[in-house]
Amino acid sequence: MTETIHHSDHHANVDPGEIGKFEALASRWWDPQSEFKTLHDINPLRLEYIERTGTLAQRAVVDVGCGGGLLSEGMAARGAQVLGIDMGAMPLRVAELHTLETGVAVDYRRIPVEALAAERPASFDLVTCMELLEHVPNPASVVSACARLVRPGGHVVFSTLNRNPKSYLFAILGAEYLLGMLPKGTHDFARFVRPAELARWIRAAGLRAADITGMTYNPLTRAYRLTPDDVDVNYLVTCVRDADD
């Protein structure tokens, strides 16, 4: 059940403009031919990458920035006990309604990740934070909160977009303007995250980066694939919170 939490003592790490983009499109989240087609196309690869950390069965997982629940449901269908959190009310409602259709059990809450980390530290075996860091004002704060949520010995998986001329060409000019794969204005290039920046935030949060892998798109085959040797545009990072001594 969605739960709205108000915080009067601090400003949530949220950009209302970014929330608004996804609120406006929320009703089409589960349409594989909609503006979310790219998410549908890459979701199997995201799940494949996440499962490299181990089987999802019986693991306690929190999906940070879950949106309409595409990844959350995918992990729950593989046996994970999933909590999806987001700050968009409409995407969460769409996610909840979809679980009623599919019967896949996922809990959803409307709460900032920093607040959940304060409420439930070290409570999850796995934390996923996919395609969120490039949409928030303070991505380092999100990384830190994700680190606090995971148990010692657990994993945190991030995915985001690199910031360089190639990523501008492919992710913005190509995907948004030439190929029409995403609505224009979906991304702000200035918010893309270089791997070195993410690595610094990961270390500062007390995590250890264990893997970095790219995800590339072939416009001829219209297919995505995981590419360990090409992190120029989309990339994923697996982190470990080492067990306490």
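Each remark here, short or long, concerns the structure printed above.
Predicted model, so just to flag it, every value in this text is computed and none were measured.

(A) Focus on the overall build of the protein chain. Assigned secondary structure in the protein chain consists of eight helices and eight strands. In summary, the protein chain has a C-alpha radius of gyration of 17 Å against a globular reference of 18 Å for 245 residues, a match within 12%. Considering only C-alpha atoms, the protein chain reaches an extent of 45 × 40 × 35 Å along its principal axes. A buried classification covers 51% of the 245 residues belonging to the protein chain. For the protein chain, the proportion of contacts with a sequence separation of at least 24, taken over those separated by at least 6, is 70%. Total accessible area computed for the protein chain in this model is approximately 11300 Å², and 54% of it derives from carbon and sulfur atoms. If the 24 positive side-chain charges of the protein chain are averaged to one point and the 31 negative ones to another, these points end up 3 Å apart.

(B) Summary view of the nonpolar core. Judged by nonpolar contacts, the single largest core of 35 residues is most densely connected at Ile50, Leu56, Val61, Met75, Val82, Leu126 and Met215. Looking at this core, the elements with two or more residues in it are helix H2 (37–50), helix H3 (70–77), helix H4 (89–102), strand S4 (124–130) and strand S7 (223–227). Residues within four places of Leu126 in sequence aside, it is in contact with Ile50, Thr53, Leu56, Arg59, Ala60, Val61, Val62, Met75, His155 and Val157.

(C) Structural detail: a nonpolar patch on the surface. Taken together, the side chains of Tyr168, Leu169, Phe170 and Leu173 define a hydrophobic patch exposed on the protein surface, amounting to about 360 Å² of accessible area. Structurally, Leu173 is set in helix H7 (residues 165–178).

(D) Broad picture of the pattern of salt bridges. In total, this model carries 15 salt bridges according to the counting rule given. Measuring nitrogen to oxygen at the nearest pair gives 2.9 Å for the salt bridge that ties Arg191 to Asp15. A residue pair is termed long-range when its members are at least 10 positions apart, and Arg191 in the loop between H7 and helix H8 (195–204) and Asp15 in the segment before helix H1 (16–25) qualify at 176 residues. We note a salt bridge from Lys21 to Glu18, for which the minimum N-O separation is 2.8 Å. With Lys21 and Glu18 both in helix H1 and three residues apart, this pair spans about one turn of that helix. Through salt bridges that share partners, Arg163, Arg194 and Glu197 make up one connected network.

(E) Structural detail: the sheet that holds strand S6 (residues 208–218). Pairing is mixed in the open sheet, where eight strands are placed in the order S3-S2-S1-S4-S5-S8-S6-S7. At either margin of the open sheet sits one strand with a lone partner, and together these are strand S3 (107–110) and S7. Strand-to-strand twist in this sheet, taken as the mean axis angle between neighbours without regard to direction, amounts to 20°. Summarising the sheet, strand S1 (residues 60–64) and strand S2 (residues 81–86) pair through five bridges and their orientation is parallel. Looking at the pairing, Ala60 lines up with Gln81 of S2.

Conventions and cut-offs
Residues numbered from 1 in each chain as written. Predicted model: local features only at pLDDT ≥ 70, side-chain atom pairs only at ≥ 80, totals over all residues. Heavy atoms only, no water. Helix = DSSP H or I, 4+ residues; strand = E, 2+ residues; numbered from the N terminus. Rg over C-alpha atoms; globule rule 2.2 N^0.38 Å. Buried < 20%, exposed > 50% of the residue type's maximum accessible area, 1.4 Å probe, protein only. Contact = heavy atoms within 4.5 Å. Areas by Shrake-Rupley, 256 points an atom, 1.4 Å probe, with all protein chains shown as cover. Lys, Arg positive; Asp, Glu negative; His and termini not counted. Charge placed at Lys NZ, Arg CZ, Asp CG, Glu CD. Core = buried A, V, L, I, M, F, W, Y, C linked by side-chain atoms within 4.5 Å. Patch = residues over 30% accessible without salt bridge, like charges linked within 9 Å, V, L, I, M, F, W, Y side chains within 5 Å. Salt bridge = Lys/Arg side-chain N within 4 Å of Asp/Glu carboxyl O. Pairing = 2+ DSSP bridges. Axes fitted to C-alpha atoms, helices over the stretch in contact; angles between N-to-C directions.

Any link to function would need more than the numbers given here.
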